[in-house]
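Below, each chain spelled out in residue letters.
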Amino acid sequence: MAPRLQLEKAAWRWAETVRPEEVSQEHIETAYRIWLEPCIRGVCRRNCKGNPNCLVGIGEHIWLGEIDENSFHNIDDPNCERRKKNSFVGLTNLGATCYVNTFLQVWFLNLELRQALYLCPSTCSDYVMGDSIQEEKDYEPQTICEHLQYLFALLQNSNRRYIDPSGFVKALGLDTGQQQDAQEFSKLFMSLLEDTLSKQKNPDVRNIVQQQFCGEYAYVTVCNQCGRESKLLSKFYELELNIQGHKQLTDCISEFLKEEKLEGDNRYFCENCQSKQNATRKIRLLSLPCTLNLQLMRFVFDRQTGHKKKLNTYIGFSEILDMEPYVEHKEPSKSQTRKPKCGKGTHCSRNAYMLVYRLQTQEKPNTIVQVPAFLQELVDRDNSKFEEWCIEMAEMRKQSVDKGKAKHEEVKELYQRLPAGAEPYEFVSLEWLQKWLDESTPTKPIDNHACLCSHDKLHPDKISIMKRISEYAADIFYSRYGGGPRLTVKALCKECVVERCRVLRLKNQLNEDYKTVNNLLKATVKGNDGFWVGKSSLRSWRQLALEQLDEQDGDVDQSNGKMNGNTLNKEESKEERKEEEEELNFNEDILCPHGELCISENERRLVSKDAWNKLQQYFPKAPEFPSYRECCSQCKILEREGEENEALHKMIANEQKTSLPNLFQDKNRPCLSNWPEDTDVLYIVSQFFVEEWRKFVRKPTRCSPVSSVGNSALLCPHGGLMFTFASMTKEDSKLIALIWPGEWQMIQKLFVVDHVIKITRTEVGDVNPSETQYISEPKLCPECREGLLCQQQRDLREYTQATIYVHKVVDNKKVMKDSVPELNVSSSETEEDKEEAKPDGEKDPDFNQSNGGTKRQKITHQNYIAYQKQVIRRSMRHRKVRGEKALLVSANQTLKELKIQIMHAFSVAPFDQNLSIDGKILSDDCATLGTLGVIPESVILLKADEPIADYAAMDDVMQVCMPEEGFKGTGLLGH
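Residues numbered from 1 in each chain as written. Predicted model: local features only at pLDDT ≥ 70, side-chain atom pairs only at ≥ 80, totals over all residues. Heavy atoms only, no water.

The name given to the protein in an unreviewed UniProt entry is Ubiquitin carboxyl-terminal hydrolase 48, and the organism recorded there is Panthera pardus. Per UniProt, the protein carries the Catalytic activity (unreviewed entry) text "Thiol-dependent hydrolysis of ester, thioester, amide, peptide and isopeptide bonds formed by the C-terminal Gly of ubiquitin (a 76-residue protein attached to proteins as an intracellular targeting signal)." What UniProt records for the protein under Subunit (unreviewed entry) is the sentence "Interacts with TRAF2 and RELA. Interacts with GPS1." (UniProt positions renumbered as here; feature names shortened; annotations may be inferred.)

So, about the overall build of the protein. On a plain count of helices and strands, the protein comes out with 27 helices and 37 strands. Considering the protein as a whole, with its 975 residues, one finds that 41% of them fall into the buried category. Contacts in the protein between residues far apart in sequence, at least 24 positions, make up 75% of those at least 6 positions apart. As displayed, the protein has an accessible area near 55,100 Å², and 49% of this comes from carbon and sulfur atoms. (Helix = DSSP H or I, 4+ residues; strand = E, 2+ residues; numbered from the N terminus. Buried < 20%, exposed > 50% of the residue type's maximum accessible area, 1.4 Å probe, protein only. Contact = heavy atoms within 4.5 Å. Areas by Shrake-Rupley, 256 points an atom, 1.4 Å probe, with all protein chains shown as cover.)

Turning next to a negative patch on the surface. The grouping of E639, E641, E643, E644 and E646 at the surface amounts to a negative patch. For E639, a relative accessible area of 39% corresponds to the partly exposed category. (Patch = residues over 30% accessible without salt bridge, like charges linked within 9 Å, V, L, I, M, F, W, Y side chains within 5 Å. Salt bridge = Lys/Arg side-chain N within 4 Å of Asp/Glu carboxyl O. Lys, Arg positive; Asp, Glu negative; His and termini not counted. Charge placed at Lys NZ, Arg CZ, Asp CG, Glu CD.)

Turning our attention to the pairing of strand β18 (residues 425–429). Of all 5 residues in β18, 5 are buried; the element is thus mostly enclosed. Along β18, one buried face is formed by Y425, F427 and S429 and the opposite face, lined by E426 and V428, is buried too. Here 5 bridges tie β18 to strand β20 (residues 466–470), and the two strands are oriented antiparallel to one another. Residue pairing in the sheet places Y425 in a bridge with S470 of β20. (Pairing = 2+ DSSP bridges.)

It is worth spelling out the sheet that holds strand β31 (residues 771–777) at this point. Strand order across the open sheet formed by 4 strands is β28-β26-β30-β31, with antiparallel pairing between neighbours. Strand pairing shows two members of the sheet lacking a second neighbour, β28 (736–739) and β31, which therefore form its edges. Going across the sheet, the axis of each strand differs from the next one's by a mean of 30 degrees, ignoring polarity. Pairing between strand β30 (residues 758–764) and β31: 7 bridges, direction antiparallel. Bridge pairing links E763 to T772 in β31. Sitting on the sheet, helix α22 (residues 687–698) is in contact with β26 (681–686) and β28, with an inclination near 70 degrees to β26. (Axes fitted to C-alpha atoms, helices over the stretch in contact; angles between N-to-C directions.)

Looking at the protein as a whole, its pLDDT mean stands at 79, while 79% of the residues score no less than 70. Per-element averaging of pLDDT across the protein places strand β37 (residues 957–959) at the bottom with 37 and strand β1 (residues 90–91) at the top with 94. The low-confidence segment residues 556–570 (pLDDT under 50) makes 36 contacts with residues lying over four places distant or belonging to another chain. Contacts from residues 812–876, a stretch scored under 50 in pLDDT, to residues over four places away or in other chains number 108 contacts. (pLDDT = per-residue confidence, 0-100.)

A few words now on the packing of helix α15 (residues 494–522) against helix α19 (residues 609–618). α19 packs onto α15 with a crossing angle of 155 degrees between their chain directions and a minimal axis gap of 10 Å. Considering the angle they form, α15 stands roughly antiparallel to α19. In the packing of α15 onto α19, the handedness of the crossing is left-handed. On α19, the residues that touch R502, L506, Q509, L510, D513, T516, V517, L520 and L521 of α15 are D610, A611, K614, L615, Q617 and Y618. Partitioned by chemical class, the residues of the contact of α15 with α19 number 8 nonpolar, 3 polar and 4 charged. (Parallel < 35°, antiparallel > 145°, perpendicular 65-115°, else oblique. Left-handed = near helix turned anticlockwise from the far one by under 90°. Nonpolar A, V, L, I, M, F, W, Y, C, P; charged D, E, K, R; others polar.)

To continue, consider the packing of aromatic side chains. How two aromatic rings sit relative to each other is given by the distance of their centres and the angle of their planes. Applying the stated rule across the entire model yields 27 aromatic pairs. When the centroid spacing of 5.6 Å and the interplanar angle of 85 degrees are considered together, the rings of Y217 and Y219 count as edge-to-face. The exposure class of Y217 is buried, given its relative accessible area of 10%. Look at F725 and Y774: their rings are 4.3 Å apart centre to centre, the planes differ by 10 degrees, and that puts the pair in the stacked class. Placement of F725 in helix α23 (residues 725–729) and of Y774 in strand β31 is noted, with a sequence separation of 49 residues between them. By relative accessible area, which is 25% here, F725 ends up partly exposed. Here R417 stacks its cationic end above the ring of Y472, 3.8 Å away from the centre of that ring. (Phe/Tyr/Trp six-rings, centres within 6.5 Å; stacked < 30°, edge-to-face > 60°. Lys NZ or Arg CZ within 6 Å of the ring centre and 35° of its normal.)

Encoded structure:
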């Protein structure tokens, strides 16, 4: 037996021999376990929750030993945010902006570019007041150059360990959550920067991009016949190197410069020979820039799949790149014929997509770039703010340490005085004591409400979560933290202990009483000495008694308050308890709805007075019915009336069934799309009326008679018909029922008809055959009909928490409606319900309506639109297939948000998702699902561009989707 159960048994062992009326104060204190010995630190390793005198292991260990001041706060040392001496400053990653930060650092380390940007004049004259900065305003750069100036100045002289580039990213209009092509960003930004600087008057500034990054090569074509050489000069800012099939960077450069033979259909037209000739073509490097950007083409276009592929090929490269053999000079030298030397510090990478090399010169490089005074003043101001923040954080740390030391002294003093011993004592919740000793949370007022019984005293079953402390310690706690109620020795509840004693005694004698009651039930009850007991109650009385006693004995959830701010929902607990009590109440199975004895004798039996007395010990609140008690008079009257009503309902149902046999059996029904030849008039009633009437005729004793035909539900407020003839043959056919003229005459006799609706067929014109027209009475109301259709479409665009389905297409197989029709058919449809193909591309908005046998609500004018929604929802139900998942979406959420849901469901990144619906590509991430035509029960096809091995290339080739939108809409393209 577990120690806690042993304590429980020991605390109540006296109840086996003591009757409830004999309970004394000593018994009460025993029940509250005051007799238990307190635990000793070092001997008891963890807190004994069953012992209110155990004050070990409640969190005191962190206070009683040596204290580390760092444990008194959760504030990091602000100096950790400080830039270390002779180190660089980092940039904060704003989400997916690592590619931006990489290039910013590369450009910052280009001293010539940095110096040129510092020379750019600033346009922020309104920020400058004389020679000083306006203190009340924060500096906001207005141009790209100003953003770079400020960023470079901070990277150069900031005291921070890292800075935030969000202003620069925002100025470019970049999405911080979307990973972009780094190479494309580099090209576009350098183009933007060059265009911006071209307006500068200073040539050192105006030409800096070309001076640093621009090289020159020539496309050289040599005729094999005459040897004539043709050159086409071109400038470059980076060299795009193919890496497929190569392992070393030098091999990639050699392939870039190798000769290409022009033969066959690809022959070259030589102006000297005036004819097509075989020739060779190659690229000659004429001059290299100071900063050489080598782009490794990891993404290549696959013409077969129409997608880009990423090459995860390992490429080796050295820290020093010998480009001498690749550059053409004006006096040819030996260096052009030798192989390039491998520099020291060789590296190897399968992810590097760009390599940047600086030109080595004999001149000593200028390593000092002076920050302009204006920018330095801004940096100094930012450094001052940073220093103020460091001082503030240090002061907060100091305050936390001081509070921790004070708390340490308090705990050391009070913890020694917590044990009560023989002196006056009080009870405090264990949870509060633990929070008092918890250094990470502020101490709240004491709240003992959750431990009270229904008598507003300490509940005996809550003693396991309470601790007994000295009155001295309790006085200090309440004076410092407040709260209550205070639970002294007077708070021990005698009423609860006495009741618990009674329950325990009953549990012990339950088995004996069960045998006694069974023997008493065998005896015949004579005269009027017996009592009525429900048969169901008799069959399960022992189980009911045991559950009731267990609930009273072990109900630790009783509470009338809150514990440290965690309020309990009284209404919910009351409702749950009420339901449980209704299930456990004994002898209520023979109660009628009026609270009297039920009239059915099959549900009850007589038991002797002795048997009833025994049962009443366990169920003192059970309803009591002596044998002479009369049954409920109201139930007798209702029984007679019910028998008469049932007979009347059967008669009415039989009459109506006989009068309208075909309507009841749904046989020989007319159809508008195939108009019967023997009549020119058909009448209309609502399908809801027919269904309700059929239910009554089938089960007249369980349903109320249908007395009227409510056709107003099919009409608009102006009295016009809400359906066209065409719609009644298709999507609205589920809402109406067609009636033969003979049936209509009988309906008018049997029911009250509010509105007559009929369709008349007429022949128009003298031509043979004449044109057939169908006229409705009342006529169609075009305005209300249009409003209904608009409302239906609006409902499909303004949904919330609706279900759609995403089907993942595997192995490039497209799921088409024709090849996989089950994707578009409801599981509840029959073959007759499936809709025929629409001519001329006509599309039915209520595609695939299904009868389904679903119970319909009554159609009135007010809820007609809601009824239409229900039909639409049923008609569009979709059966999931393999590879498909259901998602809950709303019409106002964006496509980007949907892609994130799909990412969690299918583990496919948003930029790898190609989505389509009904053949339409979904590409606008900012558009809402409603505007994109995604409606409830839609099926969206997902084509994922996932990694696929390319064994033909004998390389690790991964197929990925590259966003074709790229930097569209950003400042890089002039937006």
